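What follows is the residue order along each chain.
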Amino acid sequence: MGRAKLSEQEVSANLAKLPGWTIKVGALHRVFEFPDFIQAFAFMTKVALVAQAMDHHPDWSNAYNKVIINLITHSAGGLTANDFELATKIQKLA
C-alpha cells in the first residue's frame, strides 16, 4: 500500500493530474459544490463507501450544498500515494 510519505516532487507530479485539487495546510484539498443538500449528501455517501473499501478516510465537512475534503495520511506525517488514489476515485464520483 502507498503509505510512505511522498517527496515534494512526487506530490507536485501527482497534483498536476488532479484538476481542482490544491495543497492546503499540507493536505490535498478540494471543495465540491452541488445544486442542493441531497446531491451533496449522496456524493458523500458514495465517497464513504470508496474510502471504507480502501481503509483510508477523508477529513471532510458538509455545509448545505458544499462538501469540503482534505486528504492526508496522518500516520505518515504527510501525503502518500493512498491520498492521491482516493482523490482520483473521488474525482470520478463527482
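Use the structure listed above.
Residues numbered from 1 in each chain as written. Predicted model: local features only at pLDDT ≥ 70, side-chain atom pairs only at ≥ 80, totals over all residues. Heavy atoms only, no water.

Asker: Can you help me understand a nonpolar patch on the surface in this one?
Answerer: Taken together, Phe 37, Ile 38, Phe 41 and Tyr 64 make up a surface patch of nonpolar side chains, about 460 Å² in accessible area. As for its position among the elements, Tyr 64 is in the loop between strand 3 (59-63) and strand 4 (66-71). Take Tyr 64: its relative accessible area is 52%, and that puts it in the exposed class. (Patch = residues over 30% accessible without salt bridge, like charges linked within 9 Å, V, L, I, M, F, W, Y side chains within 5 Å. Areas by Shrake-Rupley, 256 points an atom, 1.4 Å probe, with all protein chains shown as cover. Salt bridge = Lys/Arg side-chain N within 4 Å of Asp/Glu carboxyl O. Helix = DSSP H or I, 4+ residues; strand = E, 2+ residues; numbered from the N terminus. Buried < 20%, exposed > 50% of the residue type's maximum accessible area, 1.4 Å probe, protein only.)

Asker: Help me out: how do you make sense of the side chain of Thr 73 in this one?
Answerer: Along the chain, the position of Thr 73 falls in the loop between strand 4 and helix 3 (81-93). Among the residues examined, Thr 73 registers a relative accessible area of 2% and is labelled buried. Those residues in contact with Thr 73 that sit more than four places away from it in its chain are His 56, Gly 78, Thr 80 and Asp 83. (Contact = heavy atoms within 4.5 Å.)

Asker: I'm lost on the nonpolar core in this one. Help?
Answerer: General note: in soluble globular proteins, nonpolar side chains tend to be found buried as a group. Ranked by size, the top nonpolar core spans 21 residues in total, and within it Trp 21, Leu 28, Phe 43, Ile 69, Leu 71 and Ile 90 carry the most contacts. Secondary structure elements with two or more residues in this core: strand 2 (27-33), helix 2 (37-54), strand 4 and helix 3. Among the elements that make up this core, the one with the highest residue count is helix 2 (6 residues). (Core = buried A, V, L, I, M, F, W, Y, C linked by side-chain atoms within 4.5 Å.)

Asker: Looking at this model, I keep getting lost on the packing of aromatic side chains. Mind explaining?
Answerer: The geometry of two aromatic rings is summed up by the distance between their centres and the angle between their planes. Per the stated rule, a full pass over the model turns up 4 aromatic pairs. Judged by centre distance (4.9 Å) and plane angle (40°), the ring pair of Phe 34 and Phe 43 falls under tilted. With respect to class, Phe 34 is no different from Phe 43; both count as buried. Between Phe 37 and Phe 41 the ring centres are 5.8 Å apart and the planes differ by 35°, which places this aromatic pair in the tilted class. Pair noted here: Phe 37 and Phe 41 are both in helix 2, with a separation of 4 residues, about one helical turn. Looking at Phe 41, the relative accessible area reads 47%, which means it is partly exposed. An aromatic cluster of at least three residues, connected via ring pairs, comprises Trp 21, Phe 32, Phe 34 and Phe 43. (Phe/Tyr/Trp six-rings, centres within 6.5 Å; stacked < 30°, edge-to-face > 60°.)

Asker: Is there a simple way to think about the packing of helix 2 against helix 3 in this case?
Answerer: How two helices pack is summed up by the angle between their axes together with the distance between the axes. Relative to each other, helix 2 and helix 3 sit at 150°, their axes nearing to 10 Å. In the packing of helix 2 onto helix 3, the handedness of the crossing is right-handed. Counted together, Phe 43, Lys 46, Val 47, Val 50, Ala 51 and Met 54 of helix 2 and Asn 82, Glu 85, Leu 86, Lys 89, Ile 90 and Leu 93 of helix 3 form the full contact between these two elements. A class-by-class count of the residues in the contact of helix 2 with helix 3 yields 8 nonpolar, 1 polar and 3 charged. (Axes fitted to C-alpha atoms, helices over the stretch in contact; angles between N-to-C directions. Left-handed = near helix turned anticlockwise from the far one by under 90°. Nonpolar A, V, L, I, M, F, W, Y, C, P; charged D, E, K, R; others polar.)

Everything listed here is a matter of coordinates, which is why it stays silent on function.
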